[in-house]
Amino acid sequence: MRTASETDSTDGVLAEQLLRLTRRLHRIQKHHLEPLGITPAQSRLLRLVSHYDGERPPRMADLAARLEVVPRAVTTLVDGLEAAECVRRAPDPANRRVIRIELTDTGRATLRRLRSARTDAAEEILAPLTAEQRDVLGGLLNALTDAPADAPPERRC
């Protein structure tokens, strides 16, 4: 049985390892996206806009809410993607004051290249793991991502 102090120490080490892994993931993803001229944040926004493809395009406020960022951050991302001709701003036919963000053909082609870059990045990150270790990691990550956000951490005595 571990003491509270040992548990806190172990949790602290795990938290630090997760932070280091997050930074590594970001660096590797950025490296694989650079040839496409897209940042990781632009990649997330482009993927989000693509989920609306075939439906009514999202408003900037919809994107900000889904990404959990301030609307100004979305404006900057859309500006960059619009300059790259991946998205376009279009007035809403029902309310001309509302601007919707549409995916372009260039954006769809970029998404295909992004999927390949993300697969390459994932392979680089997971390369040290065996297939069995990847399965275990997948289960652990599911347990962490599916845990209720407001649930108190379980403590063992």
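All of these numbers come straight from a predicted model, not from anything done at the bench.

Criteria and thresholds
- Residues numbered from 1 in each chain as written.
- Predicted model: local features only at pLDDT ≥ 70, side-chain atom pairs only at ≥ 80, totals over all residues.
- Heavy atoms only, no water.
- Helix = DSSP H or I, 4+ residues; strand = E, 2+ residues; numbered from the N terminus.
- Contact = heavy atoms within 4.5 Å.
- Areas by Shrake-Rupley, 256 points an atom, 1.4 Å probe, with all protein chains shown as cover.
- Salt bridge = Lys/Arg side-chain N within 4 Å of Asp/Glu carboxyl O.
- Buried < 20%, exposed > 50% of the residue type's maximum accessible area, 1.4 Å probe, protein only.
- Patch = residues over 30% accessible without salt bridge, like charges linked within 9 Å, V, L, I, M, F, W, Y side chains within 5 Å.
- Pairing = 2+ DSSP bridges.
- Core = buried A, V, L, I, M, F, W, Y, C linked by side-chain atoms within 4.5 Å.

Novice: I'd like to hear about the overall build of the protein, residue by residue, with values.
Specialist: Along its length, the protein carries six helices and two strands. Restricting to contacts in the protein with at least 6 residues of sequence separation, those with at least 24 account for 50%. For the protein, the exposed area adds up to about 11,000 Å²; of that, 55% sits on carbon and sulfur atoms.

Novice: Lay out the pattern of salt bridges with the relevant residues and their values.
Specialist: For the structure shown, the criterion picks out nine salt bridges. The partner of Arg-23 in a salt bridge is Glu-16, and the shortest N-O contact between them spans 3.6 Å. A relative accessible area of 43% means that Arg-23 is categorised as partly exposed. The partly exposed category is assigned to Glu-16, whose relative accessible area is 36%. With its nearest N and O atoms 4.0 Å apart, the salt bridge here joins Arg-100 to Asp-62. Here Arg-100 is found in strand β2 (residues 95-103), whereas its partner Asp-62 is found in helix α3 (residues 60-67), with 38 residues between them in sequence. For Arg-100, a relative accessible area of 8% translates into the label buried. Put simply, Arg-59, Asp-62, Asp-92 and Arg-100 are held in one network by salt bridges that share partners.

Novice: Account for a nonpolar patch on the surface, with residues named and values stated.
Specialist: A contiguous nonpolar surface patch, about 430 Å² in accessible area, is contributed by Leu-18, Leu-21, Leu-25, Leu-141 and Leu-144. Counting only elements with at least two residues in the nonpolar patch, the list comes to α1 (4-33) and α6 (131-146). By residue number, the principal contributor to the nonpolar patch is α1, which donates three residues. Residue position: Leu-25 is located in helix α1. A relative accessible area of 33% means that Leu-25 is categorised as partly exposed.

Novice: Which residues make up the side chain of Thr-110, and what values do they have?
Specialist: Along the polypeptide, Thr-110 turns up in helix α5 (residues 105-126). Setting aside chain neighbours within four positions, we find Thr-110 in contact with Ile-38, Leu-46 and Cys-86.

Novice: Lay out the pairing of β2 in plain terms, naming residues and giving numbers.
Specialist: Judged from the six bridges that link them, strand β1 (residues 87-92) and β2 form a sheet pairing that is antiparallel. In the sheet register, Ala-90 faces β2, and the bridge partner there is Arg-100. What sits between the antiparallel neighbours β1 and β2 is a turn of two residues.

Novice: Outline the nonpolar core, listing residues and values.
Specialist: If you look at the biggest cluster of nonpolar residues, it comprises 21 residues, and the most contacted ones within it are Leu-45, Leu-46, Leu-63, Val-74, Val-78, Leu-81 and Ile-101. Apart from residues lying up to four places away in sequence, Leu-81 is in contact with Ile-38, Gln-42, Leu-45, Leu-46, Cys-86 and Val-87.

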